[in-house]
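Descriptive structure summary
Below are the chains, spelled out letter by letter.
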Amino acid sequence: MKVLIVNPIIYTSETRQIKKAETIKDTMIYDLCLAFLQEGAEVVLAVAEDYMPNISEQYPFEVVALKTKLKKVFPANALPFCPEIIKTVKSTHFDLIITSEVFSLNSLMLAVSTPKNLIVWHELAKHNRIMKKIPSILWYNIVARLFFGKTLIVPRSIEARDFISNYIPKKNISDKIIDHGVNLDKFKAQEKKNNFFIVSSQLISRKRIDTILKNFSEYLEKYDKDCRLFILGDGEERKNLELLSKELHIEKNVLFKGRLPHEELKDDLASAMAMLVNTRKDNNMVSVVESIACGTPVITSTIPYNASYINSHELGIAKDNWNADDMRRVAEDSKYIKNCIAYRQTLSCTKRAQTFLDMADKRNHRKEVL
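So, here's what we can say about the structure. (Residues numbered from 1 in each chain as written. Predicted model: local features only at pLDDT ≥ 70, side-chain atom pairs only at ≥ 80, totals over all residues. Heavy atoms only, no water.)

Looking at the secondary structure, you find Glu221 in helix α6 (residues 209–222). The exposed category is assigned to Glu221, whose relative accessible area is 73%. (Helix = DSSP H or I, 4+ residues; strand = E, 2+ residues; numbered from the N terminus. Buried < 20%, exposed > 50% of the residue type's maximum accessible area, 1.4 Å probe, protein only.)

This paragraph deals with the sheet that holds strand β1 (residues 2–6). In spatial order, the strands read β3-β2-β1-β4-β5-β6; together these 6 strands make up an open sheet with parallel pairing. The sheet is open, and its two borders are formed by β3 (62–66) and β6 (152–155), each paired with just one other strand. In this sheet, adjacent strand axes meet at a mean angle of 20° when their direction is disregarded. Relative to strand β2 (residues 42–48), β1 is paired through 5 bridges, and the arrangement is parallel. Counted as the bridge partner of Val3 is Val43 from β2. Packed on one face of the sheet, helix α2 (residues 84–91) meets β1, β2, β3 and β4 (96–100) and runs near 150° to β3. (Pairing = 2+ DSSP bridges. Axes fitted to C-alpha atoms, helices over the stretch in contact; angles between N-to-C directions. Contact = heavy atoms within 4.5 Å.)

Next up on the list: the packing of α6 against helix α11 (residues 324–332). Where α6 contacts α11, the two axes come as close as 8 Å, and the packing angle between them is 65°. Accordingly, the angle class assigned to the pair α6 and α11 is roughly perpendicular. The hand of the α6/α11 crossing is right-handed. Of α11, the residues touching α6 (which contributes Asn215, Phe216, Glu218, Tyr219 and Lys222) are Ala324, Asp325, Met327, Arg328 and Ala331. Of the residues belonging to the contact of α6 with α11, the class tally is 5 nonpolar, 1 polar and 4 charged. (Parallel < 35°, antiparallel > 145°, perpendicular 65-115°, else oblique. Left-handed = near helix turned anticlockwise from the far one by under 90°. Nonpolar A, V, L, I, M, F, W, Y, C, P; charged D, E, K, R; others polar.)

Structural data, given as structure tokens:
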């Protein structure tokens, strides 16, 4: 089976000035492509050229870099417009095309040109805030209703399913939810933990790393003065956070390690007692899935869509305003680690690729019968 995955935005950029990563091999969508290859599919990945690394890389599948047009109106970091995708689709026959989001110009072009082979993998569960939500509200109420009626929508969470059900007939929405997966060959589980917590995140204001530092400071004072906090990631708030750690007198216990490739990150992630998250705005967080796959519980706010199954399967604690007591509870109870290790197989990219391929087979069989 020949599969095209259209994912122009392969990692998050908070501004229009996209800072290029050194590689695309640490992205979730790259690992999903590898999973399709393992399942015997021929894969093509289409991404916006704005996200391609400056240094040439070799990939085991074809990667198409799409030019983004009219960037002043359609910023590449939020709503990229890649008309070249139609040329890509017409250049060869694809048995399955997976594109991201209903609120997308690229998804619209594909829904019009090749609806029967298309799956829209939908993540958003709220209206996009661009221009006070007006474009998003108009899009879902008019464009989605008019042009996505022949397309299968696969939600990435219960929240995404409930949201899109307001605008797309339920017969076009998959009963199966496919959230973000993880490469289990890369992220190995480890039951033995060391005496540190971990943050793996952009260091930007909406991630609220400052509140994590304050909770960690309380943990040191109340429970364990020798514990450490590893902060993996970079961003505009790094200097402020380093200053805050000094103001809290915990700088000797906090290690800012910067942005690390997966090859370096995974060992720290597997050795930590828990990953700490306190974001005020996010969807499905890939870092959460990676942490659970490593057998490392997650303590998070209820904002990420992953929060529901963290609580239901006791993979950590998902609650707003979590504190040092919650950190201690997870650090002392090994059941959270064991639950993560037991749950990790359900998170594999391979299972997600298999599910997508099964959906395509059923749709193709239905077309042959008709």
